[in-house]
Amino acid sequence: MEKNAAQALLTMHEVDGSPFFADPRQLLSKVLQGLHQQNLFPCVAIEWEFYLLDARSENRQPQAPLLPKSQQRMQQTQVYSLDELDEFDEFIRDIQDYCHTQNIPSDNVIAEYAPGQFEVTLQHQHDPLLACDQAILLKRAIKAVAKQHGYLATFMAKPYAEHSGNGCHVHISMLDKQGHNRFSTEQSLLEFALAGLLDTMPQAIALLAPNANSYRRFQPDMFVPLQADWGWDNRTVALRIPSGSTENTRIEHRVAGADCNPYIVMSALLAGITHGIEQQLDCPKAVSGDASKVPAPALPSSWQQALAEFEHSTLWSLLGADFSHVYHANKLNEWQRFEAQVTPLEQQWYQQMV
């Protein structure tokens, strides 16, 4: 007999009712207050990438599922394939039903650049807190529907060594109180925002890539930015300004992994934008063509390096020393525990050979 279940999203407070500094939701609320005081009101959207896996795989080794209709194992990349979406139409319809029931404004679902990989987008929201709430609920809905269909849905940053990882792309425009997009009418504001994001990007990697597996994703030719750069409708850069009408001018941030905490990511990005606007930072030139061919500041490629970049950085103070210290201490402890493990590959390579 099926049991009904409910879920609740909570915000943490101190005993006296004041915001709890280490709650990511409270962190985002604090960053938003600073922007609102400058007549800046972010409008945001979040995209998740995820893999469907065969739930019957042994030893936690990922394996693409059987196609529901043909019962063939998925083997090939079928980016934007309608045939692949047709194979999983019942799964996708169930996700849409779950979202409709929970008022989660999911939008497009597309097949991505690896077997069993999909991308799902959420509609733009004028309330970034609500957008992050909906992103969390969407993740849970996808996992629940996948389980019902006999799959596992994973938002792990890099489940396969040979395929591209799962990203979390964030779209941000900046409105005034009347709802007008200031990025579309104030070129200097857009450039300040880009400059602030680029300046704080190496420092933010510890927040955008929060786990050991996150750094497996940062590899050449795997559709992930490796440098702090930007461009117009360029999918090889970290910050893309998508094509479209002037009224919809926005920044697409393409660095975070799908294993991220959306509240923390949104806080880091909006804090970076605030930094660029307040300091009126100079924006570098846009990148044309393949960004990997153009010199730009490299992003940290290891967990240890990312944590070192974040420690006592500009972003550390922008987010607040109390939150930053707690986050850094926890992640540093995780990294140390991870590094202390002896892996099966080490046993295979060195047990009898050295």
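Each chain carries its own residue numbering, running from 1 in the written order of its sequence. Under the rules for a predicted model, residues below a pLDDT of 70 receive no local features and side-chain atom pairs below 80 are neither given nor counted, while totals for whole chains, interfaces and linings still include all residues. No hydrogens and no water enter the side-chain calculation; it runs on all heavy atoms of the structure.

## A look at the pairing of strand β1 (residues 41–54)
Note on classification: 1.4 Å probe, protein chains only; a residue is buried when its accessible area is under 20% of the maximum for its type, exposed when over 50%, partly exposed between these limits. In this text, helices come from DSSP runs of H or I with a minimum length of four residues, and strands from runs of E with a minimum of two, each type numbered from the N-terminal end. Burial of β1 is extensive: 13 of the 14 residues sit out of reach of the surface. Pairing between strands is defined by DSSP: at least two bridges between the two strands are required. Bridging between β1 and strand β5 (residues 168–175) involves eight bridges; their strand directions are antiparallel. Opposite E47, over in β5, you have H169 as the bridge partner. Of the strand pairs in this sheet, β1 and strand β3 (residues 117–122) are connected by five bridges, and their pairing is antiparallel. Residue pairing across strands places E49 opposite E119, the latter belonging to β3. One ladder, built from four bridges, connects β1 with strand β4 (residues 151–154); its direction is antiparallel. Bridging across to β4, Y51 finds its partner in T154.

## Description of the side chain of R240
You can see R240 is positioned in strand β7 (residues 239–241). You can call R240 buried: its relative accessible area is 7%. N or O atoms within 3.5 Å of each other form a polar contact, as long as, within protein, one can give a hydrogen and the other can take it, and as long as residues adjacent in sequence are counted only when both atoms are side-chain atoms. One polar contact links R240 to D233, side chain to side chain, over a distance of 2.8 Å. Ignoring anything within four residues of it in the chain, the contact list for R240 reads G231, D233, N234, R235, R250, I251, E252 and R254. It only takes one pair of heavy atoms within 4.5 Å for two residues to be counted as in contact.

## Here's the deal with helix α1 (residues 24–36)
Helix span, expected: 1.5 Å multiplied by one less than the number of residues in the helix. Spanning 13 residues, α1 covers 18 Å between terminal C-alpha atoms, matching the ideal 18 Å at 1.5 Å per step. For α1, the set of buried residues is P24, Q26, L27, L28, S29, V31, L32 and L35. On the buried face of α1, the contacting elements are β1, α4 (128–148), α7 (262–279), α9 (314–319) and α10 (321–339). Backbone nitrogen of R25 and a side-chain oxygen of the N-cap are separated by 3.0 Å at the start of α1; the cap is D23.

## Observations regarding the pattern of salt bridges
Salt bridges are counted wherever a side-chain nitrogen of Lys or Arg sits within 4 Å of a carboxyl oxygen of Asp or Glu. In the structure shown here, the tally under the stated rule is eight salt bridges. In the salt-bridge network here, residues are joined through shared partners; they are D233, R240, E252 and R254.

## What to know about the side chain of H253
Take H253: it is sitting in strand β8 (residues 251–253). Once residues within four sequence positions are removed from consideration, H253 is found in contact with C168, H169, V170, L197, M201, L208, A238, L239 and L269.

## Remarks on the packing of α4 against α7
At a minimum axis distance of 9 Å, the contact between α4 and α7 shows a crossing angle of 145°. The two elements α4 and α7 meet at a crossing, and its hand is right-handed. Contacts between α4 and α7 involve P128, L129, C132, D133, A135 and I136 from the former and P262, Y263 and M266 from the latter. Amino acids outside the nonpolar list (Ala, Val, Leu, Ile, Met, Phe, Trp, Tyr, Cys, Pro) and the charged list (Asp, Glu, Lys, Arg) are all regarded as polar, and Gly is one of them. Among the residues making up the contact of α4 with α7, the classes are represented as eight nonpolar, no polar and one charged. Note on method: axes are straight lines fitted to C-alpha atoms, helices fitted across the in-contact stretch only, with angles between N-to-C directions ranging 0 to 180 degrees. Crossing handedness is read from the near helix: turned anticlockwise from the far helix by less than a right angle, it gives a left-handed crossing, and turned clockwise, a right-handed one.

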